[in-house]
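# Architecture at a glance
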Amino acid sequence: MAKQTIRRALISVYDKTGIVDFARAIVDEFGVEIISTGGTASLLKENGIPVTLVEEVTGFPEMMDGRVKTLHPRIHAGILADRDNPEHMRQLEAQGIQPIDMVVVNLYPFEETVADPECTFEQAIEMIDIGGPSMLRAAAKNHKHVLCADDPKSYEPILQYLRMKPGESVRDLHLIEATEVFKCTTRYDGSIVEWMTDSDRQALVPAQRFVELIRWGALRYGENPHQTAELLDNLDGDEETNLTTADSGHHSSIALSFNNYVDAHAALELCKELVRGFASPSVGPTFQSVSPAITEEQHTERHLPHIQNPGAHYFVTFRLKSGTLSPDERTVVLDACKYWHRQKMTVHACVVMPDHVHLLMTPHETNPGQWVALGEILRSIKGFSARKINDMRGCKGTLWLDEGWDRIVRNEREFGERWEYIENNPRKADLGDQYDWLWLNHRAWEDLAECDRLESRSHRGKESASEDASEDASEEASEDASEDASEDASEEASEEASASEKQVGQSVATFIKHTNACGVGVAEDAVEAYRQAYLGDPNAAMGGILACSFEVDQSFADAVMDTYARWGKSAGAGGFFVEVWIAPGFTEEAVKLIRSAKKWGERVRLLDVGDMDVEPSETALEYKSIAGGMLVQSRDLVGLNEDQWRVATKRAPSESEMADLRLAWLVCKHTKSNAITICKDNMLIGNGAGQMSRVMSCRIATWLAKENGHEQKLSGSVAASDAFFPFADGPNILMDAGVTAIIQPGGSKRDEDTMAACDERDVAMIFTGTRHFKH
């Protein structure tokens, strides 16, 4: 299309953003005559821009308090005349009317006005624009000859268009702007209709509701191959995260399907809920050590027993006398290592190998200046596990070597190194993916801070000990022969000088299959959160939707791409791939690694959805189609409203049970009804979804936990129910499986029966007062 010459422009705007600069540019650069009205004309004149008033063109003054300004043939004929029609041009000339080549108008802010609760009916009526929409529609109809604009965002594209030289490629800006104008006037009229038909101001939607949907394109097919499907963007949506506009610049060769979008939505909503519930950053510690400085000689591996340093952190190893442990025996040892956690020691990490054990721990202070001896802890672990294993084997005899060795952990760097050593030990030992006998304390950094705080309190007030420590420190400071020691001292000095504290947040990973969660993990370490989510149900995770709460870097991408080798094969999974991977972002290195991987890495769809830690919109609505109509409802935004919860049983949940109950409650909220969700140690271990009876959901949840190797985790696990239990049969099934705490809305006529059943077995139960049906 050839570029049109602009000689006369009518400018009348309510929103005057950028209008002065735009008007000055078209006058100075192109000699355009500007026709204007009221406040716009005054503003332009004040800025030295020549203006012809509308009344000078029409010969009539502005009337009726501004209701009539531009509604005149000399305006509308000048806009609507078809320049290619000789008769139109003859009539213009006969009436002495000059053509108008551009209309720049934006409308009275009707929607903003009626949104004010104090707005009266009369005020709203006066904010219904008449002349503006009329001129815009006239210009848009005659867009072949007239350029139109309703938004300040159009000013720069119009100037670029006018500045183009003859022969340069010209896009059809006239058609583009005309289309935007008709969209604008349609929305405007729709908002007026909604307001005028909204007699019940308390209703969720007005009597007539207009929803604007934009077609993005056809999908491969619908829910099934014989169904067709389209992707639409809801411009009226008030979502904080939009899947239709998610940055999928890392395209695979396969577009998202209808089912992919449905499942991706479920994964995103669950992940965002868990981020809001669990992943808010909390202040974690920088590593401190108030113990006497440890010499290199003291730091090297030493056989136990030895002189114990008060409050020090230890990396301990002890070995079998002979032979190896079976999988069940390794579980016994792991449970023994965790037994004294938070009682006589804090366990930070532990792994049970076939013939030895690694333990990262801190002995507790029992009385001021008195610490639980390492030897006492190890004797307890060895003695208990030996008795249990000998009973299992039906024999007697010495199981463990009397000796072991330990290493004092001197700083945060060494703590992290020992943690990683324990985490990676099974792979480094060429034992495949034997991670069932690995335990990582997800509160390790908080616990580390608590240990150091108690240690610091213990050492304050011990003047003589402090003097000895300072003497030792000064002597050791003079011994700078060790390069490592000097580097560590430098690191510690840097940490001490830093006033900022390390921010620690929880990482969330979820697997979704057919809109229900089959795996959820929450941990400080991203890989650990993912491992928990995957091992929740390894078979269901295959071909599922993965959502992560954190940016995916190369290291994490490598773990996911290596899922089957690390964990899947040993878990009995038949294979592994991901259909869609959702995250706040992907680093370039991560994308390169994923795409370079053989098989599914080339096909997986990667969606960047931005920050998930955002508050949900309270005004967004949910629609569901039914025969001949639609249902609409507000969103279920109730999450962890713990101020409304109450303990319904004699026993209250423990701290660890409470943490798992929160997770189970949120996962259950996002599971199809009837829903029963079982969690333990910050992971989902069984999800009974979409059953016709609640008792069947209980059976499925417990069966899935056992089927996926979590039978031992069922002992001490917690369960959530999206609605009340009508009878005690469901809770009895859960308690028979090992559940020790339950969370449910309550409200059944037989709540007393359920409470009595829980009390009889010392099971804690919480009533939330909120139901979370999901259909």
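Everything discussed here concerns the structure shown above.
Rules of the game
- Residues numbered from 1 in each chain as written.
- Predicted model: local features only at pLDDT ≥ 70, side-chain atom pairs only at ≥ 80, totals over all residues.
- Heavy atoms only, no water.
- Patch = residues over 30% accessible without salt bridge, like charges linked within 9 Å, V, L, I, M, F, W, Y side chains within 5 Å.
- Areas by Shrake-Rupley, 256 points an atom, 1.4 Å probe, with all protein chains shown as cover.
- Salt bridge = Lys/Arg side-chain N within 4 Å of Asp/Glu carboxyl O.
- Helix = DSSP H or I, 4+ residues; strand = E, 2+ residues; numbered from the N terminus.
- Pairing = 2+ DSSP bridges.
- Buried < 20%, exposed > 50% of the residue type's maximum accessible area, 1.4 Å probe, protein only.
- Polar contact = N/O pair within 3.5 Å; in protein donor to acceptor, adjacent residues only side chain to side chain.
- Contact = heavy atoms within 4.5 Å.
- Phe/Tyr/Trp six-rings, centres within 6.5 Å; stacked < 30°, edge-to-face > 60°.
- Lys NZ or Arg CZ within 6 Å of the ring centre and 35° of its normal.

### Topic: a nonpolar patch on the surface
A surface patch of nonpolar side chains, amounting to about 440 Å² of accessible area, comprises Val211, Leu213, Leu232, Tyr623 and Met630. Note on placement: leucine 232 falls in strand β7 (residues 230-234).

### What about the sheet that holds strand β2 (residues 33-36)?
Sheet architecture is open: five strands sit in the order β3-β2-β1-β4-β5, paired in parallel fashion. Of all strands in the sheet, those with a lone pairing partner are β3 (52-53) and β5 (147-149), marking the two edges. Where β2 lies against β3, two bridges are found, and the strand directions are parallel. Among the inter-strand pairings, serine 36 is bridged to a residue of β3, identified as leucine 53.

### Description of the pattern of salt bridges
Counted according to the given criterion, the structure contains 24 salt bridges. A salt bridge links glutamate 269 to lysine 272; its shortest N-O distance comes to 3.1 Å. Of this pair, glutamate 269 and lysine 272 both sit in helix α11 (residues 258-278), three residues apart, which is roughly one turn of that helix. When sorted by exposure, glutamate 269 lands in the same class as lysine 272, which is buried. For glutamate 269, the salt bridge identified is with arginine 635, shortest N-O distance 3.3 Å.

### Some remarks on the side chain of asparagine 687
Its place among the elements puts asparagine 687 in strand β27 (residues 683-688). Judged by relative accessible area, asparagine 687 falls into the buried class, the value being 9%. A polar contact is formed between the side chain of asparagine 687 and the backbone oxygen of alanine 517, at a distance of 3.0 Å. A polar contact is formed between the side chain of asparagine 687 and the side chain of threonine 677, at a distance of 2.7 Å. Not counting chain neighbours up to four residues away, the residues in contact with asparagine 687 comprise Ala517, Val667, Thr671, Ile676, Thr677, Ile700, Ala701 and Leu704.

### Describing the packing of aromatic side chains
In total, this model carries 18 aromatic pairs according to the counting rule given. Arranged with centres 5.3 Å apart and planes meeting at 25°, the rings of phenylalanine 121 and tryptophan 195 form a pair that is stacked. With phenylalanine 121 in helix α7 (residues 121-126) and tryptophan 195 in helix α10 (residues 173-196), this residue pair connects regions lying 74 residues apart in the sequence. Aromatic side chains phenylalanine 550 and phenylalanine 556 sit 4.8 Å apart centroid to centroid with 85° between the ring planes, which places their arrangement in the edge-to-face category. Residue phenylalanine 550 shares its accessibility class with phenylalanine 556, and that shared class is buried. Taken together, the ring pairs in this structure connect Phe511, Tyr530, Tyr534, Phe550, Phe556, Trp567, Phe576, Trp581, Phe586 and Trp600 into an aromatic cluster. The residue whose ring lies beneath arginine 418 is phenylalanine 315, and the NZ or CZ to ring-centre distance is 4.9 Å. It is arginine 418 that lies over the ring of tyrosine 421; its NZ or CZ is 5.2 Å from the centre.

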